[in-house]
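A closer look at the structure
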Amino acid sequence: MRRLMFISLMTAGLATAASAQDANRLLEIRISGDRGWVVSCTLDRGDDAPVEATRRGRGDIETIAARGVLSGSCDYSGPTGSGDMKIVFTDENFPEKCPFRQEAGRCVGRFGADETGTFSF
């Protein structure tokens with residue numbers, strides 16, 4: 001009886017730890033492309049305060065990342081005048097929430113110059 005109770009408590013503890021760990025998986029939005037693009041996101045983390053982040057294209061790869069994200073949305077505008085922008089979206093909590101097309105197993109959005117819009121997940 002004691003052994004069964006111990007196993008039940010251990011199983012419950014592991015389930016709680018697993019769901020806490022799941023809630024802390026990473027959402028990552030990587031943006032790259034020609035200069036002049038802008039991406040602004042609001043990430044909802046449930047009980048925690050939302051994460052608001054803006055990244056601007058300066059010729060490098062920029063990243064927006066947070067743990068425990070349940071949903072969110074981002075506004076984007078492509079490079080000014082000419083060029084392209086690429087967004088690679090990774091959500092370890094909800095991989096099925098890809099707002100773009102699948103390319104080689106990754107969730108990827110591609111946008112042209114002066115193109116604007118919003119994506120949600």
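Just above sits the structure.
Below is a summary of the structure that appears in this document. Computed from a prediction, not measured in an experiment: that's the story for all the values here.

What counts, and at which threshold
- Residues numbered from 1 in each chain as written.
- Predicted model: local features only at pLDDT ≥ 70, side-chain atom pairs only at ≥ 80, totals over all residues.
- Heavy atoms only, no water.
- Core = buried A, V, L, I, M, F, W, Y, C linked by side-chain atoms within 4.5 Å.
- Buried < 20%, exposed > 50% of the residue type's maximum accessible area, 1.4 Å probe, protein only.
- Helix = DSSP H or I, 4+ residues; strand = E, 2+ residues; numbered from the N terminus.
- Contact = heavy atoms within 4.5 Å.
- Phe/Tyr/Trp six-rings, centres within 6.5 Å; stacked < 30°, edge-to-face > 60°.
- Lys NZ or Arg CZ within 6 Å of the ring centre and 35° of its normal.
- Lys, Arg positive; Asp, Glu negative; His and termini not counted.
- Salt bridge = Lys/Arg side-chain N within 4 Å of Asp/Glu carboxyl O.
- Polar contact = N/O pair within 3.5 Å; in protein donor to acceptor, adjacent residues only side chain to side chain.
- Disulfide = S-S within 2.5 Å.
- Pairing = 2+ DSSP bridges.
- Axes fitted to C-alpha atoms, helices over the stretch in contact; angles between N-to-C directions.

This paragraph deals with the nonpolar core. Ile29, Val39, Ile87 and Phe121 are the most contacted members of the largest nonpolar core, which totals 22 residues. Contributions of two or more residues to this core are made by strand S1 (26–33), strand S2 (38–44), strand S4 (62–67), strand S5 (71–77), strand S6 (84–91) and strand S8 (106–112). Residues within four places of Phe121 in sequence aside, it is in contact with Leu27, Ile29, Leu43, Val69, Ser71, Gly72, Ser73, Cys74, Phe89 and Lys97.

Summed over the entire model, instances satisfying the criterion amount to six aromatic pairs. Taking 4.2 Å as the distance between ring centres and 40° as the angle between the ring planes, the aromatic pair formed by Tyr76 and Phe111 counts as tilted. In this pair, Tyr76 is assigned in strand S5 and Phe111 in strand S8, connecting sequence segments 35 residues apart. Phe111 carries the same exposure label as Tyr76, and that label is buried. Here the guanidinium or amino end of Lys97 rests over the ring plane of Phe94, the centre of that ring lying 4.3 Å away.

The next subject is the side chain of Asp91. Mapping Asp91 onto the fold places it in strand S6. Among buried Asp, Glu, Lys and Arg side chains, Asp91 stands out as unpaired, with Lys97 the closest opposite charge at 5.9 Å. Within polar-contact distance, the side chain of Asp91 engages the backbone nitrogen of Asn93 at 2.9 Å. In terms of polar contacts, Asp91 uses its side chain to reach the backbone amide nitrogen of Phe94, at 3.2 Å. With sequence-adjacent residues up to four places away left out, Asp91 is seen in contact with Leu26 and Leu27.

Attention shifts here to the state of the cysteines. The final tally for this structure, using the stated rule, is two disulfides. Sulfur-sulfur distance for the disulfide between Cys98 and Cys107 comes to 2.0 Å. Every disulfide takes its handedness from the sign of the S-S torsion; for Cys98 and Cys107 that torsion is 90°, giving right-handed. Here Cys98 and Cys107 have matching classes, each one buried.

Below, the discussion takes up the pairing of S1. Bridge count between S1 and S4: six bridges; the pairing is antiparallel. Paired with Ile29 across the two strands is Ile64, which belongs to S4. Taken together, the seven bridges between S1 and S6 define a ladder with antiparallel strand orientation. Along S6, the bridge assignment pairs Arg30 with Val88.

Bringing the sheet that holds S6 into the picture now. Strand order across the open sheet formed by five strands is S4-S1-S6-S8-S7, with antiparallel pairing between neighbours. Two strands close off the open sheet at either side, each with one partner strand: S4 and strand S7 (101–103). Between one strand and the next, the sheet's axes are offset by a mean angle of 30°, whatever the strand orientation. Inspection of the sheet shows S7 paired to S8 by three bridges, in the antiparallel sense. Looking across to S8, one finds that Arg101 is bridged to Val108.

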